[in-house]
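Listed below, chain by chain, are the residues.
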Amino acid sequence: MSVIGKSAIRLDARGKVTGETLYPGDINLPNQAMMKILFAGRAHALIRELDISAAEALPGVIAIFTAKDVPVNEYGLIMPDQPVLCGPGSAKPYADRVRFEGDQVAVIVAETEEIATKARDLIRVTYEDLPVVTDLVQAKDNPPVLLHPDHGSNVFCHYRIRKGDVDRAFAEADVVISGEYRTPAQEHAYLQPEAGVAYIDDEGRVTIQVAGQWTHEDREQIAHALGLPEEQIRVIYPAIGGAFGGREDMSVQIVLALAAWRLHQRGIHRPVKIIWNREESIIGHHKRHPFLIRTRWGATKEGKILAAEVEVLQDGGAYAYTSTKVLGNATLMCTGPYEIPNVRVDSYSIYTNNIPGGAFRGFGGPQGAYAAEMQMNKLAEALGIDPVELRLRNVLREGSLLSVGTPLPKGVSIAEVIEKCAEAAGWVHTERGWHRPAGANTSWPKFSPPARPYIKQGIGFACGFKNVGFSFGAPEHSWATVKLEGGADIEKVTVFHAGADCGQGAHTVMAQFAAETAGVPLEKVELVVSDTAYTDNSGSASASRMTFMAGNAIKGAAELALEKWRNEERPAVATFKYRPPATTPFEPETGKSEPNFAYGYVAQAFAVDVDTETGHVQIKDVVSADDVGKAVNPQQVQGQIEGAVVQASGYAILENFSQVNGITQTRHLSTYLIPGVLDIPEHVESLILEYPDPIGPYGARGMAEMPYIPVAPAVTAAVKEAIGVWFNEFPLIPERILRGLGKIA
């Protein structure tokens, strides 16, 4: 009986709803100590003096650690440009300065959290303030100061794409549309703030139980900072209260390990625990990158796009984090899923004194797609061509060349996805092409015309594509081990895999792959997951890669184990390392590359109400068409689509993250508003399409990020239809809508 394609009940469902499942903050160990962190609290300054004497003297304080206690005081997922702790006494150049308000200055370990908090407040830091740089253009072109003096520039990454003859193409274009677009920062707002516990295990390893997205990468960065072999570090992920990219970079992992290790060296053998409050979480971990994108596109009157020119400025914040990789995605996706023969792109990652930008669902795709889809909808308006029809005249197809001069991998389905979405949203195809008959469709949207004249309604369309897996030459693989046990029949299948389940149901899907391949019922599968002591490197739960990569790895390991089983090995154990086709980085001058080995494709239609008296935008109805290759667990796929639409709706109309001179103004969920039950779309139609990926496990593609990507431009297009005003930045909060209507200054 096939297990793939069935909505199996999640393995963790019962434990989570009953409270039996432990998240990091739920774990309490005997004789544990509590930790607090002193954050910088200012955007840019030198630390001239750090006095911990009064804090150390407080009864109940066990230890205080500063920069001098960190053996290799640096870390970073892409480049090690961030001190673990800022301040004097470190060999790391320029570690005596803070570059954003969430830089960590001291670690306090005490008998209770209350004592640790009091001790933190007794630490005296003498700062010498430095110029604060938050404007992207100024930071790039005319900075008053370099944030990292050893870099020589605030620009830390620059990509170029040069395809065709852009200037000649613009001269031949009948219509040229220019735009300057700004996308905002966004907070991940996952359920559990950063938390964890560290201790020395029975084999002498520094062990950290924490929520993350890549156990082995966490281990590598912890080991580097402590100057220890990786084998002396053990990372375990309990249940994870959401991630969305926000747990890719370090938060409490290294300082927890540092505290447990240093205490052990002093003969104090105690676990150490920390739980950030929401304010600490908001200032302490990275955000979605804000972007400034300047672009112009040229097309013929028949609707053929001839050229695109784009300048992409990315606010990297104080440290690199994953900015260069996010920028790579935005560079590729800022021209959309369209075949454009002439392209010129220059993109830049830029240091500022804002909170660092990092991974967040979509990973540069939403920002690039916003500019591209806005340009497409404006071109459609200027040419008098339906927006769906214009897309289908230009969309990438099998064999089409990307902006980087190479074809997409086999299995291109974006045209079919656009068509299916358009049909579901009321478009029709005639000899004149695709169009949406005015008032002809009654099945969508699923809401009635407004009873009040100041409520205006509109429909918007957008589409997009997104890579599956690591891009641009980043090493990509996934290990899995499968053990088969039993007598004549297989009675138990054990899967060893390091992949993180960040709430998306990845572990359930892993079990489904194992059961399908081994030919056993799902209940015979057990998992050993997310513990570096027992599992090999899986890569991260990011880039919509976990289903694709883990599926291929587990399938491969199970097939090898079955061979041994058939040869009478009992138990039969096999390990398999899955490697997808190689990708290549941007060629420095032209940008030519083979950027990705697989993609997912999405198209969406949004229907909105706009209250022209209050400026409030309400998303009423959504069609989201997503090619998932094969829906391994359809219910979980639907959950991912609905979750992405809700999260991206907050990004589009509600979540107004504010920083002034590098200091966060929206430091609590009372001031940073995320969607509540009255803010989310009234109806989401999850149109799950299955065009198999040629190299995906059982045809599956990754899909968790794709439904996020087109939301902001689709909502913006719907608002334009409703009130006749284009907005080139968001979120579309009431003040912005009323300003666009000329009702407020």
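Residues numbered from 1 in each chain as written. Predicted model: local features only at pLDDT ≥ 70, side-chain atom pairs only at ≥ 80, totals over all residues. Heavy atoms only, no water.

(A) Spatial organisation of the packing of aromatic side chains. Evaluated as defined, the whole model comprises 19 aromatic pairs. Taking the centre distance of 4.7 Å and the plane angle of 45° together, the rings of Tyr159 and Phe586 count as tilted. Linking Tyr159 in strand 7 (residues 155-163) with Phe586 in the loop between strand 24 (572-578) and strand 25 (599-611), this pair joins segments that are 427 residues apart in sequence. In textbook terms, an aromatic cluster arises when at least three aromatic residues are bridged by ring pairs, as seen for Tyr181, Phe360, Tyr370, Tyr651, Tyr708 and Phe730. A cation over a ring is seen here: Lys140 above Tyr348, with NZ or CZ 4.6 Å from the ring centre. One residue, Arg545, lies across the ring of Phe470, its end atom 4.6 Å from the ring centre. (Phe/Tyr/Trp six-rings, centres within 6.5 Å; stacked < 30°, edge-to-face > 60°. Helix = DSSP H or I, 4+ residues; strand = E, 2+ residues; numbered from the N terminus. Lys NZ or Arg CZ within 6 Å of the ring centre and 35° of its normal.)

(B) Layout of the sheet that holds strand 1 (residues 33-39). With mixed pairing, 7 strands are arranged side by side in an open sheet as 3-5-1-12-9-10-11. This sheet does not close on itself; its edge strands, each paired only once, are strand 3 (61-65) and strand 11 (233-236). Sheet twist, expressed as the mean angle between neighbouring strand axes with direction ignored, is 20°. Bridge count for strand 10 (residues 206-210) against strand 11 is 4 bridges, and the pairing is parallel. Its bridge partner lying in strand 11, Ile208 is registered against Val235. The strands touched by helix 3 (residues 113-122) are strand 1, strand 3, strand 5 (104-110) and strand 12 (272-275); relative to strand 1, the strand with the most contacts, the crossing angle is about 25°. Along the sheet, helix 6 (residues 215-226) contacts strand 10 and strand 11; its crossing angle with strand 11, the most-contacted strand, is approximately 145°. (Pairing = 2+ DSSP bridges. Axes fitted to C-alpha atoms, helices over the stretch in contact; angles between N-to-C directions. Contact = heavy atoms within 4.5 Å.)

(C) Representation of unusual backbone geometry within the structure. The residue after Arg570, namely Pro571, is reached through a cis peptide bond having omega -5°. With respect to the helices and strands, the residue Pro571 is situated in the loop between helix 14 (546-566) and strand 24. A cis amide bond links Phe730 to the next residue, Pro731, at an omega of 15°. Relative to the helices and strands, Pro731 is located in the loop between helix 16 (711-723) and helix 17 (734-740). Phi is positive for Asn31, which is not a glycine, with a value near 65°. Examined against the element boundaries, Asn31 turns out to sit in the loop between helix 1 (13-18) and strand 1. Positive phi, close to 55°, is recorded for Ala543, a residue that is not glycine.

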